[in-house]
Amino acid sequence: MPDQPLTIALSKGRILEQTLPLLARAGITPAEDVLSTRKLLVDGTLEGGGSVRFLIIRATDVCTYVEQGAADIGIAGRDSLLESKPHVYEPLDLNIGRCRLCVCGPKALVEAGTPARGSRIRVATKYDRLAADYFLAQGVQAEIIHLYGSMELAPLVGMAERIVDLVETGGTLRANGLIEEITLFDISSRLIVNPASFATQKASILPLIERLRQAVAGQA
Ligand code: PRP
């Protein structure tokens, strides 16, 4: 019996714009324009024969869909993987979505020095675990304020002294009078695979990983 079409979870947003050319080079083609469609489940084809289907979801949900087996494979940011530590395989760095996860704050506060051991600060972030781990290691008592986006606003309205967020061009920080204090992790998008899917659908998943590996190598 032939394998079922593989289900691939893709992140919406700016990562998707970089993902589509990579998929195209790998011969993996959605049947419709996933940048504009409102559909969340989209069929696709593989060059040389075969079909796949795509789930178009939020970046932070890709790990969940793949860990649960609702998607066989996915494209997830290293930031999401570090924060949620899903039980998935991570066979390939796709070298897209490159940015860094940083501690940032208002220029004057950051230039006044890193928070002293034993001091208390408020930190706005969607990376609760990574932020808490970092400040714990610094001996700083951090109150983590969870936000879902636009973290840069929190210091401007006096809600936090620091943020932990992704920085790509630095444009959002500059526009809001913030600067980087420290880079915690370099980030890029990774291919992730559900372990049970890998065990049962190795014959389809291994060639797909190979297609993507060659597409990544071709862009270097
Ligand atoms: C991300 C990130 C920063 C911004 C950094 O947000 O959270 O806000 O991009 O990019 P830059 O350094 O190039 O300015 P995104 O635009 O993805 O939206 P979000 O705030 O909803 O997460």
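On a predicted model such as this, the values are computed, not experimentally measured, just so you know.

Section: the overall build of the protein chain
Along its length, the protein chain carries nine helices and twelve strands. Its C-alpha atoms give the protein chain principal-axis dimensions of roughly 65 × 30 × 30 Å. In the protein chain, which comprises 220 residues, the share counted as buried stands at 46%. Contacts in the protein chain between residues far apart in sequence, at least 24 positions, make up 67% of those at least 6 positions apart. In the structure as shown, the protein chain presents an accessible area of about 11,200 Å², 52% of it carried by carbon and sulfur atoms.

Topic: the domain arrangement of the protein chain
Considered domain by domain, the protein chain is made up of domain 1 (6–97 + 188–219) and domain 2 (99–187). The distance between the C-alpha centroids of domain 1 and domain 2 comes to 30 Å. Contacts between the two partners involve eleven residues from domain 1, matched on the other side by twelve residues from domain 2. In this assembly, domain 1 packs against domain 2 so that about 1,100 Å² is buried in total across both faces, 48% of it on carbon and sulfur atoms. On the domain 1 side of the contact with domain 2, Asp 79, Leu 82 and Glu 83 bury the most area, a combined 51% of that side's loss. Connecting domain 1 to domain 2 are one salt bridge.

So, the sheet that holds strand 5 (residues 73–77)
Taken in spatial order, the seven strands make up an open sheet running 2-3-4-1-5-12-6, and their pairing is mixed. Two strands close off the open sheet at either side, each with one partner strand: strand 2 (28–30) and strand 6 (89–93). Across the sheet, the mean angle from the axis of one strand to that of its neighbour is 30°, orientation sign disregarded. Sheet topology note: the strand 2/strand 3 (residues 41–46) ladder contains three bridges and is antiparallel. Considered in strand 3, the bridge of Ile 28 is made with Leu 46. Contacting strand 1 (6–11), strand 4 (51–57), strand 5 and strand 12 (189–193), helix 2 (residues 59–68) crosses the sheet at an angle of about 145° to strand 5. Docked against the sheet, helix 9 (residues 202–219) engages strand 1, strand 2, strand 3, strand 5, strand 6 and strand 12, running at close to 30° with respect to strand 6.

So, the packing of aromatic side chains
Under the definition given, this model contains two aromatic pairs. Where Tyr 89 meets Phe 198, the ring centres are 5.7 Å apart and the plane angle is 90°; that geometry is what we call edge-to-face. Within this pair, whereas Tyr 89 is found in strand 6, its partner Phe 198 is found in helix 8 (residues 195–200), the two being separated by 109 residues in sequence. Take Tyr 89: its relative accessible area is 41%, and that puts it in the partly exposed class. On the basis of an interplanar angle of 75° and a centroid distance of 4.9 Å, the ring pair of Tyr 134 and Phe 135 is categorised as edge-to-face. For Tyr 134, a relative accessible area of 16% gives the class buried.

What counts and how
Residues numbered from 1 in each chain as written. Predicted model: local features only at pLDDT ≥ 70, side-chain atom pairs only at ≥ 80, totals over all residues. Heavy atoms only, no water. Helix = DSSP H or I, 4+ residues; strand = E, 2+ residues; numbered from the N terminus. Buried < 20%, exposed > 50% of the residue type's maximum accessible area, 1.4 Å probe, protein only. Contact = heavy atoms within 4.5 Å. Areas by Shrake-Rupley, 256 points an atom, 1.4 Å probe, with all protein chains shown as cover. Domains from an automatic or database assignment. Buried area = accessible area lost by both parts, 1.4 Å probe. Salt bridge = Lys/Arg side-chain N within 4 Å of Asp/Glu carboxyl O. Pairing = 2+ DSSP bridges. Axes fitted to C-alpha atoms, helices over the stretch in contact; angles between N-to-C directions. Phe/Tyr/Trp six-rings, centres within 6.5 Å; stacked < 30°, edge-to-face > 60°.

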